[in-house]
Amino acid sequence: MGIIGNIVIYIIMVCAVIGAFAAIRNDEKGLGKEFMQGLYSIGPIFVPVAGIMASVPYLSLFISKVFGPVFSFIGADPSIAATTFIAVDMGGYQLADALAQSKDSWIMAMIIGFMAGATIVFSIPVGLTMLDKRDHKYMALGVMSGILSIPLGVFISSMIMKLTNTQVRGEVSTNADSTHTFAPELGTLLLNLTPLIIVVILIALGLRFIPDKMIKGFMWFGRFMDIGIKLVLVFSIVEYFTGIFSKLFGVWGFDPIIADSKDQFRALEVAGYIGIMLAGAFPMVYLIRKYLAKPLEIIGNKIGLSSEGSAGLLAGAANILAMFNLIKHMRPKDKVICISFSVTSAFLIGDHLAFTANFQPNMILSVMVGKLSGGIIAIFLAYWISVPKALELEKVDRANGIIGKDEYLKPSPNDAENLVKAN
């Protein structure tokens, strides 16, 4: 299965080369513009990535001391708290290993980190940075409806592993033997999911009965994260060049934002890595939109999406940042659907496939099936809960001139029915 990730990377790299030659010819439109936009994204991406990664020591301490006991009181393993908020590839995997009371719960925590942690610590702050402000409310609807599918996606992955007696590595390693059989009791599995289920129920009730307040709450959450991230970043920059906080207080505590002898892959390097990958991912998505528009439109029509929406699903499965770059071209309905799908299914054939192949190769099939299933379920949930509100908001935006009269593609037949329901 690891070969799939390599194939995707090679395709992206070919698109990067094509984009570079196009940029030499004309960097203001087409493939050339997409290539340069990928590189230009390093700056905006660095802000949230640096703020979050620098804060990991304090986030880890806070989660282990505050949420760990709360999760334990409910009956869930403390390791679940770690990856509910921190992505596995941003320190959550190691933190969950340190907090876990059992290997089975640690493995479940890894699966949760691919969906919940990646969304909270990465997709939300980066998405709020990359998307136009007028799209933030649609992102809120998409994220909240997507979160509803996380417990189901985790449950599906866990049950596949349990029923197939999957052997996993019992330690953080890229070359250890897989000697531990994943076999939690069904009760333990459900207890570990209980905190997520509680959150999901509350979000579902909120979206159903007080959608405007839920959107406003999400916006405040995003604003709070933005303020915290920028403050941590600027103080980290000052500390890097002057060391003033270490001198004044004797300790700094935040992680460095630039590579050092302890870690050669800090925030600046992560942002750079993402940017150079997007230099190929953006041209790839552009080519998909241009040359596969018709088949994507046919596929999209089956689930009520435009060709841009269909391309967004495919882009999100590879890299959510490529999908964020497409959001501005989509109708509000499609924005919500794609973002909802990407809560669990982002990086499906990209980073998460590569991470699983490196650390737990025997989990590839179960993780991929769980992430994809969660994304498909999220689409149905979004249609039921969030799309009517999105269509209502679109109508208001058009009336206020926020969305141009002919800005998006003509609506599908399904939209007319949903507009009636929204009114």
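## Some remarks on the overall build of the chain
And then number 1: Tallying secondary structure elements over the chain gives 20 helices and two strands in all.
And then number 2: In summary, the chain has a C-alpha radius of gyration of 21 Å against a globular reference of 22 Å for 423 residues, a match within 12%.
And then number 3: Along the first, second and third principal axes, the C-alpha set of the chain runs to 55 × 50 × 45 Å.
And then number 4: Computing the positive centroid from 33 side-chain charges and the negative centroid from 30, the chain places the two 7 Å apart.

## Looking at the side chain of Asp-334
And then number 1: Checked against the element boundaries, Asp-334 lands in helix H16 (residues 332–345).
And then number 2: Given a relative accessible area of 0%, Asp-334 falls into the buried group.

## Regarding the confidence of the model for the chain
And then number 1: With 95% of its residues at a pLDDT of 70 or more, the chain shows a mean pLDDT of 87.
And then number 2: This model gives residues 416–423 a pLDDT under 50, and the stretch forms seven contacts once residues within four places in sequence are excluded.

## Quick notes on the packing of helix H6 (residues 103–130) against helix H17 (residues 351–359)
And then number 1: In contact at an axis separation of 12 Å, H6 and H17 are set at 155 degrees when each is read in the N-to-C sense. Our classification of the angle between H6 and H17 gives roughly antiparallel. Taken as a pair, H6 and H17 cross one another with a handedness that is right-handed. Residues Met-110, Phe-114 and Ala-118 of H6 pack against His-352, Phe-355 and Thr-356 of H17.

What counts and what doesn't
Residues numbered from 1 in each chain as written. Predicted model: local features only at pLDDT ≥ 70, side-chain atom pairs only at ≥ 80, totals over all residues. Heavy atoms only, no water. Helix = DSSP H or I, 4+ residues; strand = E, 2+ residues; numbered from the N terminus. Rg over C-alpha atoms; globule rule 2.2 N^0.38 Å. Lys, Arg positive; Asp, Glu negative; His and termini not counted. Charge placed at Lys NZ, Arg CZ, Asp CG, Glu CD. Buried < 20%, exposed > 50% of the residue type's maximum accessible area, 1.4 Å probe, protein only. pLDDT = per-residue confidence, 0-100. Contact = heavy atoms within 4.5 Å. Axes fitted to C-alpha atoms, helices over the stretch in contact; angles between N-to-C directions. Parallel < 35°, antiparallel > 145°, perpendicular 65-115°, else oblique. Left-handed = near helix turned anticlockwise from the far one by under 90°.

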